[in-house]
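So you can see what is in the structure, the chains are spelled out below.
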Number of protein chains: 2
Amino acid sequence: MLQIIRDTIESIKPISPLRLKSAQAHLDSLTKPPGSLGLLEELAKKYTAIRDTDNPCIKKKSVVVFAADHGVTEEGVSAYPAEVTPQMVQNFLNGGAAINVLSRQQNAEVLVVDIGVNHRFDKHPDLLDRKIAFGTRNMTKEPAMTRAEAEESITIGIQMATQLADNGVDLLATGEMGIGNTTASSAIFSVLGNLSVSEVTGRGTGIDDKTLNKKISVIQQALEKHNPDPDDPIDILAKVGGYEIGGIMGLLLGAAARNIPVVIDGLISSAGASLAIKLNPSVKDYIFPSHRSVEPGQEVFFDLIELPPLFDLKMRLGEGTGAVLAFGLIEAAVKIYSEMATFQSAGISERAET
Amino acid sequence: MLQIIRDTIESIKPISPLRLKSAQAHLDSLTKPPGSLGLLEELAKKYTAIRDTDNPCIKKKSVVVFAADHGVTEEGVSAYPAEVTPQMVQNFLNGGAAINVLSRQQNAEVLVVDIGVNHRFDKHPDLLDRKIAFGTRNMTKEPAMTRAEAEESITIGIQMATQLADNGVDLLATGEMGIGNTTASSAIFSVLGNLSVSEVTGRGTGIDDKTLNKKISVIQQALEKHNPDPDDPIDILAKVGGYEIGGIMGLLLGAAARNIPVVIDGLISSAGASLAIKLNPSVKDYIFPSHRSVEPGQEVFFDLIELPPLFDLKMRLGEGTGAVLAFGLIEAAVKIYSEMATFQSAGISERAET
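Residues numbered from 1 in each chain as written. Chains lettered and ligands numbered in written order. Predicted model: local features only at pLDDT ≥ 70, side-chain atom pairs only at ≥ 80, totals over all residues. Heavy atoms only, no water.

Caption draft 1: Layout of the interface of chain A and chain B. Across the contact, 56 residues belong to chain A and 56 residues belong to chain B. Counting the surface lost from both chain A and chain B, the interface buries some 4,500 Å², and carbon and sulfur atoms represent 61% of this. There are two salt bridges connecting chain A and chain B. A salt bridge links Arg 104 of chain B to Glu 339 of chain A; its shortest N-O distance comes to 3.0 Å. Joining chain A to chain B, the criterion identifies 18 residue pairs in polar contact (both at pLDDT 80 or more). Elements supplying a minimum of two residues to the side of chain A that touches chain B: α3 (39–51), α4 (84–94), α5 (98–105), α14 (321–339) and α15 (343–346) of chain A. Examining the composition of the side of chain A that touches chain B, we find that nine residues originate from one element, α14 of chain A, more than from any other. Residues that form the side of chain A that touches chain B fall into these classes: 29 nonpolar, 15 polar and twelve charged. (Contact = heavy atoms within 4.5 Å. Buried area = accessible area lost by both parts, 1.4 Å probe. Salt bridge = Lys/Arg side-chain N within 4 Å of Asp/Glu carboxyl O. Polar contact = N/O pair within 3.5 Å; in protein donor to acceptor, adjacent residues only side chain to side chain. Helix = DSSP H or I, 4+ residues; strand = E, 2+ residues; numbered from the N terminus. Nonpolar A, V, L, I, M, F, W, Y, C, P; charged D, E, K, R; others polar.)

Here you go:
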């Protein structure tokens, strides 16, 4: 394993139980019945513990959108042609996609990373060129990538997180674009959850029954051919994953190592997060789930972490859209923590002893 | 029935199915797989249809917090003393409560209405004095209010909505404060849902088992004594309701009559909304649920409307906190509708015909 990946994994420590406890004590002093803000209180506690501070404040927010293509699309597993990946990257750069709209609302920066799109882009000030290859290979025929490429994709994610931490980011979200990447993610969840392919495979961008059956058999074929080691996340990534999934893994490792909380979007981000958690279980201390997507494979991820999803909005778009929506809830939680009056300061009667 | 109430009820019309259909067509032209933004698309469609416009835009948002006291608190049904109602009103005016924090985040105005608090407040520029009485009467002994008082509380809500509509509000939320008001709301839901009191009664601000049993028997006693007519929402309000619940009913009627969407908070707001829907079922076309509270009675409300709650955050604070959190999602939906690129404008390939 590359030294940077090994060092990053080793530097991730669990968050402090003492910090969680003192945050709860502060929340209980605020002018509301104890616990009455439910999950918002859990979000505030976790954010405070990750940042290891008494004075949490969210100023700088970014969503990192990793874009890559997938060789497996030549098997006909998606409702859209592969050329949509670079077209959507262009849409991100033009500010016209859903992730742009939602990020503007949340005052968050959108960082678009070409980590493996099958297209030669013109230079653009907002496009980060970290291309590993022009898409992965067709996993039904050969491993999606080499182990060296898998480690390269993780390294790119770590470096992104480090750079963002150096620039003072307070909250991150994962995003992605890549026609074919629900196929890769379902393959990953089948291995990680030890579940049949049909249990973890959904309709992605909206395929019909016939294409769904094709997608399931394509994944089965790839898993039988390569037999990824369930205890080796990098092996899984290399054989059936995608460059953007490796980027997400690395982003989470790098962010956790620098005490930066990360909000996880839908299926593909959850696949990257699950692989990162397998590399170091303490990663889950640093991540927030956002929404429950309609894709069934994501349940494997929810089993791995401790907070339930914040929304169940039947979304299945990706890009980071669900994660950026959750920025609003996490900021609400942090503002509750830092701005509410206490019973004492407001002169309000406490509850009767019972 | 007062003429203003009758006229308002009669002026509420269902939203246009044509408008919903044309809004869906626009959403399907945007650069995302059709339907992939799930409930956000439903929110955008409904908002657009309520406002009856092709160019939805949310600029002015307000939450109306109706505060009132409840005579039934002398039976010992709450974890907090009744004096907390005026103390919390003061906290709202000082900007220190959860509703203030969340409204600042959402750039929404907080309007505090004294519709029946058991306290004589000093004049305050941000406190609207619409006091009907110094709290309702103890429903175990006599009806909570007279029918005239019930109609007065509804009228106050209608007038608030009319004034806000005149001032150009684009989106409203319901809020309330009143120690004892989960007792009134559970009583209302028992009647409306034809359910046993124990099925619809929860722990409010956090009462223990003994107080919960007391609360259930107090509600049973009141319902047996007064036998509210399930087909007469004003009778239910008068016998076991509260002034703030009448205010919420009126706000919804007045808002629906003026094409203003309203977001419904937790148990108490849901009780007011359910009574308003019983006065005119078209009211449900104009309201958005926000969160599923931990109070069981709220399920009666969800059965009455057609959209599921947007959050399940285990909240039970009231004040309008859950509704104001939902402002963020509704604004996100409206911005998606109005700001995203179309497939055509972005030059992106459409899905393959299957």
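Caption draft 2: The arrangement of the sheet that holds strand β5 (residues 262–264) of chain A in detail. Residues and elements named next belong to chain A. Taking strand neighbours across the sheet as the criterion, the six strands line up as β3-β2-β1-β4-β5-β6 in an open arrangement whose pairing is parallel. Strands at the two margins of the open sheet, each flanked by one partner only, are β3 (127–129) and β6 (287–289). Taken over all neighbouring pairs, the strand axes of this sheet differ in orientation by 30° on average, direction set aside. Bridge count for strand β1 (residues 61–68) against strand β4 (residues 171–177) is seven bridges, and the pairing is parallel. Each bridged residue has a counterpart across the sheet, and for Val 65 the counterpart in β4 is Gly 175. Relative to the sheet, α3 contacts β4 and β6, its axis offset from that of β6 by approximately 160°. (Pairing = 2+ DSSP bridges. Axes fitted to C-alpha atoms, helices over the stretch in contact; angles between N-to-C directions.)

Caption draft 3: Quick look at the packing of helix α7 (residues 181–193) of chain A against helix α12 (residues 267–279) of chain A. Residue and element names in this part refer to chain A. Relative to each other, α7 and α12 sit at 35°, their axes nearing to 9 Å. Our pair here, α7 against α12, has a crossing hand that is left-handed. Contact with α7, carried on its side by Asn 181, Thr 182, Ser 185, Ser 186, Ile 188, Phe 189 and Leu 192, involves Leu 267, Ile 268, Ser 270, Ala 271, Ser 274, Leu 275 and Lys 278 of α12 and no other residues of that element. Partitioned by chemical class, the residues of the contact of α7 with α12 number seven nonpolar, six polar and one charged. (Left-handed = near helix turned anticlockwise from the far one by under 90°.)

Caption draft 4: Fine view of the relation of the copies chain A and chain B. Mapping chain A onto chain B calls for a rotation angle of 180° and an axial translation of 0.0 Å; the resulting RMSD is 0.0 Å. The relationship between the two copies is best expressed as a two-fold rotation axis. Closest to the rotation axis within chain A is the C-alpha of Phe 311 of chain A, separated from it by 2.8 Å. A symmetric contact is evident, with 100% of the interface residues of chain A recurring at the interface of chain B. (Least-squares fit on C-alpha atoms with pLDDT ≥ 70 in both.)

Caption draft 5: Structural detail: the pairing of strand β2 (residues 109–116) of chain A. Residues and elements named next belong to chain A. Where burial is concerned, most of β2 is hidden: six out of the eight residues are buried. Here β1 runs beside β2; their pairing, made up of seven bridges, is parallel. The residue of β2 that forms the bridge with Val 64 is Leu 111. Bridge count for β2 against β3 is three bridges, and the pairing is parallel. Bridging from a neighbouring strand, Val 112 pairs with Leu 127 of β3. (Buried < 20%, exposed > 50% of the residue type's maximum accessible area, 1.4 Å probe, protein only.)

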